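Each chain, written out:
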Amino acid sequence: MFGHTNMLILKLTRDCNLRCKYCYIKNKDNFKGEMMEFYTFKRIIQRIIKDRKKATYPPKIFTLVLHGGEPLLAGHKKLRLFLGYASRKFEESGVKHRFSMQTNLTLLSTEILSVLHDYDVTVGVSFDGIKESNSSRTDINTEKFDTHFRELTDFNINFGFLMVVNKANINNIAESLDYIFKKYDTGPLKINYAEDVLGVGGSEVTGKEFFEKAWKVVLDRFLEKENTKQLEESNLSNILERYFSNIITKKNNIEYMRSNCGLKICGGGSNIIEINPDGSVHYCGRYSEDFKETYIQNIEDEEFLELKQISRYFDTVKVKHKILKENECDLCPADGICDHGCPAFYYSKYGKFGLRKDLVCEIFIPLYYYLVKNEIRLFNKLYETKKNQDGIWYLNLHLNIEDEWIDNITKKFKGYYVERDKNFKTENFNPQIAIRKK
Amino acid sequence: MKCTFCGKEMDEFQVGVTLNIKTSRLRNDDTWEEVPNMSLSSKEVLCSDCFSEFAEVLNEQVLKAKNKVEK
């Protein structure tokens, strides 16, 4: 399993202290008090080490994401026990790793802060913005959240924000971005669209609204604000990189990237897997319940050549391929940048795999035209924000570099050039191209 | 080093068996497009007994499956 899987979403519990309207986990009340046992956790870590040892090309860095429900419900003692064990075992076995956690942060304490600090856990904070933006989730106010953000800063913990766009925050995006980036020296936040997976209602915004009031706002700010340090949203940052890679190579770079989310046929079940508190392994953490169709195996099950997981993943590849064909996604202008929807959310909502055209196409087709219309300005701005101290912007191309692509850059983006021989970085799986300004 | 299948310490032989998979899908425009997450490699390192068993079972089962598909 872990010979090629590079990210594990580890659900310590499906219990949570909040009841967000747009949450996709079904029957949360049934999971009250649920928590992964240390025995199960140890078996998972041992399995990761064993599988990686025999792999030909294990992913360079393994990311363990403590997830939920709410992972802070584990408390500081259990978190220290788990992370201490994983950390020591990974070090002993030479597994390069990263720990991260997705949390609502409301249960933060000094003891927990010290655990996060000691094991260098990168924290993804669920925060929908200022004022009434969090009203779909909690009545905890911005000031209280702010105290926790300051505590993370004081403990020198690396953190970023996950903002889920829903009816409560759709009109506050710019204001919330101003608040976050003025106060905290953090990298791009992630802005996802809410999907009303459980049919509760009252949270989901339309694709058009999401594009106009969230992503377009971010892009406009990027283009219009002077002295911008970065594109403030990480999905868009990846999309722009993909967009320019596609232009330069005249190929669809999606074909050459392994990835978790956001890919035409996503990596749920291959690149990324989810494990529940009982040790059952599923495609990914975004399914609302334990469906038979998305179950891979148990962490204790034996496997030969990872064939159980591979054949289960291939089942989804076949289904997703059929959906892409039926919806003629291959012929869509936005194909090269689109996330093609979340299969987990669709399955959870409708009991079968499919594509939310109303949501996905309304976001990605206008986005594509926006990028086309603004590509020169975006390229210039990206260069300014991505260049290093030597004036070089390294762009991932995912492919071995061909001569013709160098010409594509100079023809299309006047004033830029590429120094071929010196600047190619091919030591990892993602060859990069070095772009300079004349 | 231990056999990744039976767990016994290997002495005389160790046989590495690698499965390399590259998968492409046929697009709407009748061209092939790679599925990167389904392009991967997996590996076992077997002792001589396990490899002999594996080779026999694989041959037998694959031929059986072939007959099934042809019918």
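As the structure is a computational prediction, the values presented were derived from the model and not from experiment.

A. Region of interest: the overall build of chain A. Looking only at helices and strands, one finds 13 helices and 12 strands in chain A. Per-residue burial for chain A yields a buried fraction of 60% across its 438 residues. Here the contacts in chain A between residues at least 6 apart in sequence split such that 70% fall between residues at least 24 apart. Approximately 18900 Å² of chain A is accessible, and the part contributed by carbon and sulfur atoms is 48%. Here chain A contributes 67 positive and 61 negative side-chain charges, whose respective centroids are spaced 2 Å apart.

B. Representation of the interface of chain B and chain A. Listed as interface residues are 27 residues of chain B and, on the opposing side, 36 residues of chain A. Between chain B and chain A lies a buried interface of about 2600 Å² when both sides are counted; carbon and sulfur atoms form 59% of it. When the buried surface of chain B facing chain A is broken down by residue, Arg 25, Asn 28 and Asn 37 of chain B rank first, second and third, together holding 26% of it. At the boundary of chain B with chain A, the tally comes to 5 salt bridges. Residue Asp 330 of chain A pairs with Arg 25 of chain B through a salt bridge whose shortest N-O separation is 2.8 Å. Every element with two or more residues in the side of chain B that touches chain A is listed here: β1 (15-21), β2 (24-26), β3 (32-34) and β4 (40-46) of chain B. For the side of chain B that touches chain A, the element with the highest residue contribution is β4 of chain B, accounting for 6 residues. When grouped by side-chain class, the residues that make up the side of chain B that touches chain A number 12 nonpolar, 8 polar and 7 charged.

C. Fine view of the sheet that holds strand β4 (residues 121-126) of chain A. Residue and element names in this part refer to chain A. Ordered by their spatial adjacency, 9 strands build an open sheet running β6-β5-β4-β3-β2-β1-β7-β8-β9, and the pairing between neighbours is mixed. What marks the edges here is a single partner per strand, and that holds for β6 (190-193) and β9 (295-298). The sheet shows a mean angle of 25° between the axes of neighbouring strands, direction not considered. By the bridge criterion, 4 bridges tie β4 to strand β5 (residues 159-165) in an arrangement that is parallel. Each residue of the ladder has a partner; that of Val 123, found in β5, is Phe 159. In this fold helix α5 (residues 173-183) packs onto β5 and β6, with an angle of close to 170° to the strand it touches most, β5.

D. A look at the domain arrangement of chain A. Residue and element names in this part refer to chain A. When cut into domains, chain A gives domain 1 (7-313) and domain 2 (387-437). For the pair domain 1 and domain 2, the summed buried area comes to about 1300 Å², and 68% of that belongs to carbon and sulfur atoms. Its largest share of buried area at the contact with domain 2, domain 1 owes to Glu 241, Ile 248 and Thr 249, together 40% of the area lost on that side. Taken together, domain 1 and domain 2 are joined by 0 salt bridges.

E. Structural context of the packing of aromatic side chains. Residue and element names in this part refer to chain A. The final tally for this structure, using the stated rule, is 40 aromatic pairs over all chains. Taken together, a centroid distance of 4.3 Å and an interplanar angle of 10° make the contact between Phe 41 and Phe 82 stacked. Taken together, the residues Phe 41 in helix α1 (residues 38-54) and Phe 82 in helix α2 (residues 75-93) connect sequence positions 41 residues apart. You'll find Phe 41 and Phe 82 in the same group, each marked buried. Taking 5.5 Å as the distance between ring centres and 75° as the angle between the ring planes, the aromatic pair formed by Phe 159 and Phe 161 counts as edge-to-face. Grouped by ring-pair contacts, the aromatic residues Tyr 243, Phe 244, Tyr 368, Tyr 369, Phe 379, Tyr 383, Trp 393, Phe 413 and Tyr 416 constitute a single cluster.

F. Fine view of a negative patch on the surface. Judged by side-chain charge, Asp 49, Glu 53, Glu 56 and Glu 60 of chain B come together as a negatively charged surface patch. Along the chain, the position of Glu 53 of chain B falls in helix α1 (residues 48-70).

G. Structural detail: the side chain of His 148 of chain A. Residue and element names in this part refer to chain A. Turning to its location among the elements, His 148 is positioned in helix α4 (residues 142-154). The exposure class assigned to His 148 is buried, which follows from its relative accessible area of 3%. Dropping the residues within four chain positions of it, His 148 is found in contact with Leu 105, Thr 106 and Leu 108.

H. A look at the side chain of Asn 271 of chain A. Positionally, Asn 271 of chain A belongs in the loop between α7 (234-249) and β7 (272-275). Given a relative accessible area of 4%, Asn 271 of chain A falls into the buried group. What Asn 271 of chain A contacts, discounting residues up to four positions off in sequence, is His 4, Thr 5, Asn 6, Met 7, Arg 258, Ser 259 and Asn 260 of chain A together with Asn 37 of chain B.

Rules of the game
- Residues numbered from 1 in each chain as written.
- Chains lettered and ligands numbered in written order.
- Predicted model: local features only at pLDDT ≥ 70, side-chain atom pairs only at ≥ 80, totals over all residues.
- Heavy atoms only, no water.
- Helix = DSSP H or I, 4+ residues; strand = E, 2+ residues; numbered from the N terminus.
- Buried < 20%, exposed > 50% of the residue type's maximum accessible area, 1.4 Å probe, protein only.
- Contact = heavy atoms within 4.5 Å.
- Areas by Shrake-Rupley, 256 points an atom, 1.4 Å probe, with all protein chains shown as cover.
- Lys, Arg positive; Asp, Glu negative; His and termini not counted.
- Charge placed at Lys NZ, Arg CZ, Asp CG, Glu CD.
- Buried area = accessible area lost by both parts, 1.4 Å probe.
- Salt bridge = Lys/Arg side-chain N within 4 Å of Asp/Glu carboxyl O.
- Nonpolar A, V, L, I, M, F, W, Y, C, P; charged D, E, K, R; others polar.
- Pairing = 2+ DSSP bridges.
- Axes fitted to C-alpha atoms, helices over the stretch in contact; angles between N-to-C directions.
- Domains from an automatic or database assignment.
- Phe/Tyr/Trp six-rings, centres within 6.5 Å; stacked < 30°, edge-to-face > 60°.
- Patch = residues over 30% accessible without salt bridge, like charges linked within 9 Å, V, L, I, M, F, W, Y side chains within 5 Å.

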